[in-house]
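# Summary of structural features
So you can see what is in the structure, the chains are spelled out below.
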Amino acid sequence: MAESSPTSTKARKNRRRSIEKTPPSLSSSSGPLTEELQCSICLDVFTDPVSTPCGHNFCKTCLNKCWDNSRTCNCPHCKETFKHRPVLKINTTLREIADHYKKKSPEKKAAVLCDVCEERKQKALKSCLVCQSSYCETHLETHLRVAGLKKHKLINPVSNLEDYICQKHERPLELFCRDDQTCVCPMCDVTDHKNHNTVPIEEESEEKKTQLMKTQKDTQQKIQDRIKKIQDVKHSAEVRKRNTEKEKAARVELFTDLIRSIERCQTELLEMMEEQQKAAEKQEEELIEELEQEITELKMRNTELEQLSHTEDHLHLLQIYSSLCSSRNTRNWSEISVKTDESQETLRRALTKLQDALLEKLTHTVSTELKRIQQYAVDVTLDPDTANPYLILSDDGKQVRDGDIKQKLPDNPQRFDTCPSVLGKEGFSSGRFYFEVQVKGKTKWDLGVARESIDRKGMIPLSPSNGYWTVWLRNGNEYKACAGPPVSLCVRVKPQRVGVFVDYEEGLVSFYDVESSSHLYSFTDQSFTGKLYPFFSPCNNDGGKNSTPLIITPVKHNQ
């Protein structure tokens, strides 16, 4: 390796690596004030500016260092020499202006200055790894001209030259050891890294660049994928919002119609009751009027009879006696009664008629609602890994019954070991879903959904607090919702097929009798976390009385 020049050696020993911030004024967009705020030594905006007797301004530290390294005190800008070293005082006005400018102006990339320039530092054009110095265009000339210096390793100017030099051998780090994944110098290559796979750092750098480009490409693809995902999520949210608005409008219209029907039935009933009341009042008034008329007539006759019973006109008495004793054509009031019972029966018939009409309207409303939610039907299959060992599943995973005999199955964490239960394979953590189960011929069963995190070992009470939202049948005709304390359900007909609907975001689980289009029960305002799974329990065989399986059936939309 060629020896470095004395000038270079001296520069290396005395160099001052100044990483100075290039002020915004150096850009083409800066204002004219910038140059007036720039120190001609460090090329940065003034820090504690001072003025020389000749009127030029510099950073206090920059000017002191310049004079400390020189036998004479002269102005670095105009070269005027001063006999005595001037006392430097900070120009407070200029400092305030410079500080204000620094706050308002963004910082730019650091510049590397020439290590050889003694007075006004120039920007470095290259850094030499051998000399461990940076040179401006003027001082770089010897490296381009002198044969020995031409062999030195020149790179683009950097401020941290020590990072490019081997600290052990003080040689440039020109090689890369792939075994140890570190940069080494030629001396390291023949000592500590002998027989290692070393390549020129340029070669390794190009390979790393290729890998970086691939990584960058992958990163850009990930960015695009995530942008697209955001767009998809936003689109889904918009579609869901539109659909929700449509469903809300449909429900409002549906229940508004139902409310109108109820109000209309109420009005008709009240009018009927009013008419019957008026008719009864009129009948009563007519009867009272007729009775009062007869009373008046009877009183007059009684007076006449009283007078005749004391008369002395015997001839007159004998002449009218027959007419007085004869019966008058009066009504037999013992046979007359106010027909309140008949009015009440008429009212009961009217009420029954209105109730039937209202029930028909309510059934139509529920049927319409059921038809709407059936569009969220999903294909549910039973998960054999969760089935209690006593349960027998069909090959297609659509039927389950109690087999009375415990099968030899692995006791995995997912399996129910005590309760005769099984979950569906598919879990749902968002949106809406619906499925139907045939329960015909059974005397007891449990149906609903369960949280993925439920405890599957031992006897667990079915309730929302334990992660279950279910309804059940017991004793052939007792239907209840497992809502903590069970809630008895009123059913008009025995359900043959039960529909289960879940709206995850709304916290809703509803149950329907599909064939009668009637609503059985709803859990509302629930808070779901994690996945929900369809839950089935055919219950025990009960000596063959409850041997019929639960059957997951395809959804047939109600017409």
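Described below are features of the structure shown in this document. All figures in this text were calculated on a predicted structure; none of them were measured in a lab.

On to the overall build of the protein. Check the secondary structure of the protein and you find 10 helices and 25 strands. Every one of the 559 residues in the protein was classed for burial, and the buried ones make up 36%. Sequence separation of at least 24 residues holds for 59% of the intrachain contacts in the protein that already meet a minimum separation of 6. Of the roughly 34900 Å² of accessible surface on the protein, a fraction of 51% belongs to carbon and sulfur atoms.

Note on placement: aspartate 513 falls in strand β22 (residues 508-513). Comment: no salt bridge for buried aspartate 513; closest opposite-charge side chain is arginine 492, at 7.2 Å.

On to unusual backbone geometry. Of note in this structure, glutamine 181 is not a glycine but carries a positive phi near 55 degrees. Within the secondary structure, glutamine 181 sits in the loop between β10 (175-177) and β11 (182-184).

Let's shift gears to the pattern of salt bridges. A complete count under the given rule lists 18 salt bridges for this structure. Glutamate 204 is the salt-bridge partner of arginine 178, the closest N and O atoms lying 2.7 Å from each other. Highlighted residues: arginine 178 in the loop between β10 and β11 and glutamate 204 in helix α8 (residues 201-308), separated in sequence by 26 residues. Judged by its relative accessible area of 24%, arginine 178 falls in the partly exposed class. The closest approach of N and O atoms between arginine 432 and aspartate 503, which form a salt bridge, is 2.8 Å. Of this pair, arginine 432 sits in strand β16 (residues 432-438) while aspartate 503 sits in strand β21 (residues 497-503), placing them 71 residues apart in sequence. Each of the two residues, arginine 432 as well as aspartate 503, counts as buried. Taken together, the shared-partner salt bridges in this structure form one network comprising Arg178, Glu203, Glu204, Glu207 and Lys208.

As a further point, take the packing of aromatic side chains. Applying the stated criterion across every chain, the model contains 11 aromatic pairs. Ring geometry for tryptophan 469 and phenylalanine 528: centres 5.0 Å apart, planes at 90 degrees, overall edge-to-face. Of this pair, tryptophan 469 sits in strand β18 (residues 468-474) while phenylalanine 528 is found in the loop between β23 (518-523) and β24 (532-537), placing the two residues 59 residues apart along the sequence. Here the two residues tryptophan 469 and phenylalanine 528 agree in accessibility, since each one is buried. Taken together, a centroid distance of 5.0 Å and an interplanar angle of 80 degrees make the contact between tyrosine 521 and phenylalanine 523 edge-to-face. Since its relative accessible area comes to 18%, tyrosine 521 is described here as buried. Among the aromatic side chains, those forming a connected cluster through ring pairs are Phe416, Tyr468 and Phe535.

Judged by pairing direction, the sheet is antiparallel, and its seven strands sit side by side in the order β13-β14-β25-β16-β21-β22-β23 without closing on themselves. Each of the sheet's edge strands pairs with one partner strand only, and the pair in question is β13 (391-393) and β23. Strand-to-strand, the axes of this sheet are offset by a mean angle of 20 degrees, without reference to chain direction. Pairing geometry for β16 and β21, over seven bridges, is antiparallel. Across the sheet, the residue bridging to arginine 432 is aspartate 503, located in β21.

Rules used throughout
Residues numbered from 1 in each chain as written. Predicted model: local features only at pLDDT ≥ 70, side-chain atom pairs only at ≥ 80, totals over all residues. Heavy atoms only, no water. Helix = DSSP H or I, 4+ residues; strand = E, 2+ residues; numbered from the N terminus. Buried < 20%, exposed > 50% of the residue type's maximum accessible area, 1.4 Å probe, protein only. Contact = heavy atoms within 4.5 Å. Areas by Shrake-Rupley, 256 points an atom, 1.4 Å probe, with all protein chains shown as cover. Lys, Arg positive; Asp, Glu negative; His and termini not counted. Salt bridge = Lys/Arg side-chain N within 4 Å of Asp/Glu carboxyl O. Phe/Tyr/Trp six-rings, centres within 6.5 Å; stacked < 30°, edge-to-face > 60°. Pairing = 2+ DSSP bridges. Axes fitted to C-alpha atoms, helices over the stretch in contact; angles between N-to-C directions.

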